[in-house]
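The residues making up each chain are set out below.
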Amino acid sequence: MPTLSDIEAKVSRGERLVTEDALFLFNHPDLLAVGQLANRVREAKHGDRTYFNKNMRVEVTNVCVASCLFCSFAKLEEGSPGAHTMKLEEAWRELETRMDDPPSEIHIVNGLHPGLPFSYYEDLIKGFKRIKPDIHMKCFTAVEIHFFAQHYKMTYEQVFEKLKAAGLDSLPGGGAEIFHPEVRSRISDDKATGAEWLEVHRIAHRMGLRTNATMLFGHIETFEHRVDHMQRLRDLQDETKGFQAFIPLAFHPDGNGMKNLPAPTAIDDLRTIAVSRLFLDNFDHVKAYWVSSTPDVAQIALRFGADDLDGTIVHETIYQAAGSTSPQGLSYAQLVRLIREAGRIPVERDTLYNVVKEHPRAAMPEAAVKVKDRKAHLHVIGGAS
Ligand code: V47
């Protein structure tokens, strides 16, 4: 069994952590000590820089043949209450109506719809590019790519060739859940397996597409399953170097097949972010997805290993369906403020982490600035000094 100082020494030497180290950190009662260690790695990689982007989520269909236990979003059949599939024009309108202040990325996640032609997805991407040729299309989880390959009888390579020709630029990290078959067979047994998810990303990387990776935590999995999940990602990243960000996603229980489970606490969220920052030494970025964590916890996570908050999002529906209390979108100014108040430097990025705009850091955390202003104001009106 390692000690915290063994692990600290390893981190100082830049040595890779092993499974036992990660399990020790998951079980360690002193969250602040674990967080501080993760923060050291985060600051060595990025200093105070904290990334976000102007993006927009579009979910074109919630019709899905899979029946994941954690999902509150999917509807089994077209025509059942709440089922919705956008007409292409309806999807494109989402961007057209925002062209006065357009996003730089569209992130699309859908259900696995059995009745659409493959050309629907090609035309969807092409239409967005027609409206804004430089928009970055981050589309379809590996689970969707696997479904396309099976349903339309293509190899993963053929699916990617066609989607790239239509304008696909990168893949989001969804659908990863927990790779270990002990968990996956119980929470999502009728979609891509963990091995298939990883293979889709392997091929995407080989074909020049950058991708992200998620982990859905806080339901029936153990810490061992979480570490196993991260180990598989770290191994693939050693091989391909195609992942950009790791994104732990906190389970939301409302309205799904695991509604009797409690949601993971903020402490679990922060600890998972910290351990992933320490274990995934070959991932450049750890994202605190504010929709899943809430903006408040995501802000704190910027001191526990996370260096990215995702983006403006505008209109999120998967977590809304699962009882999230986070807003559906955040404004650019709200993201900048969250980052500055955490004492970090807000950096607007594009999807591939090219810097769009680096904002000045706050002279001091903004809340402190406000207190100072308030005191000055009180002084002028003759109140407390
Ligand atoms: O794949 C679904 C998860 C994912 C629930 O790549 C749930 O930059 C919690 O993958 N409770 C979609 N999680 C979101 C996603 C994502 C988000 C932000 C950034 C990126 C990126 C990717 O949401 C799904 C699934 O794993 N999910 N239902 C739920 N009840």
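Residues numbered from 1 in each chain as written. Predicted model: local features only at pLDDT ≥ 70, side-chain atom pairs only at ≥ 80, totals over all residues. Heavy atoms only, no water.

> Could you give me a rundown of the site of the ligand, with the residues and numbers involved?
Residues in close proximity to the ligand total 23 residues, the closest being Lys138, Gly173, Glu177, Lys287 and Tyr319. Between a nitrogen atom of the ligand and a main-chain N or O atom of Phe70, the distance comes to 2.8 Å. A distance of 2.7 Å separates an oxygen atom of the ligand from a polar atom in the side chain of Lys138. Burial of the ligand by the protein amounts to 97% of the accessible area it has alone, namely 620 Å². A majority-of-atoms criterion places the ligand in the largest pocket. Among the secondary structure elements, those contributing two or more residues to the shell around the ligand are β6 (210-217), β7 (243-250) and α14 (318-321). Grouping the amino acids of the shell around the ligand by side-chain chemistry returns 11 nonpolar, eight polar and four charged. (Near = heavy atom within 4 Å. Polar contact = N/O pair within 3.5 Å; in protein donor to acceptor, adjacent residues only side chain to side chain. Areas by Shrake-Rupley, 256 points an atom, 1.4 Å probe, with all protein chains shown as cover. 1 Å grid on protein atoms, 1.4 Å probe; cavity = no way out; pocket = protein on both sides within 12 Å on 5 of 7 lines; lining within 4 Å. Sits in = over half its atoms within 2 Å of the grid points. Helix = DSSP H or I, 4+ residues; strand = E, 2+ residues; numbered from the N terminus. Nonpolar A, V, L, I, M, F, W, Y, C, P; charged D, E, K, R; others polar.)

> Which residues make up the pattern of salt bridges, and what values do they have?
A full pass over the atoms with the stated rule returns 25 salt bridges. Between Asp21 and Lys10 there is a salt bridge, with its nearest N and O atoms 2.7 Å apart. One end of the pair, Asp21, is in helix α2 (residues 19-27); the other, Lys10, is in helix α1 (residues 4-13), and 11 residues separate them in sequence. Assigned by exposure class, Asp21 and Lys10 land together as buried. Note that Arg202 and Glu239 form a salt bridge whose closest N and O atoms lie 2.7 Å from each other. A residue pair is termed long-range when its members are at least 10 positions apart, and Arg202 in helix α9 (residues 194-206) and Glu239 in helix α10 (residues 223-240) qualify at 37 residues. Via salt bridges that share partners, Glu43, Asp48, Arg303, Arg344 and Arg361 belong to a single interconnected network. (Salt bridge = Lys/Arg side-chain N within 4 Å of Asp/Glu carboxyl O. Buried < 20%, exposed > 50% of the residue type's maximum accessible area, 1.4 Å probe, protein only.)

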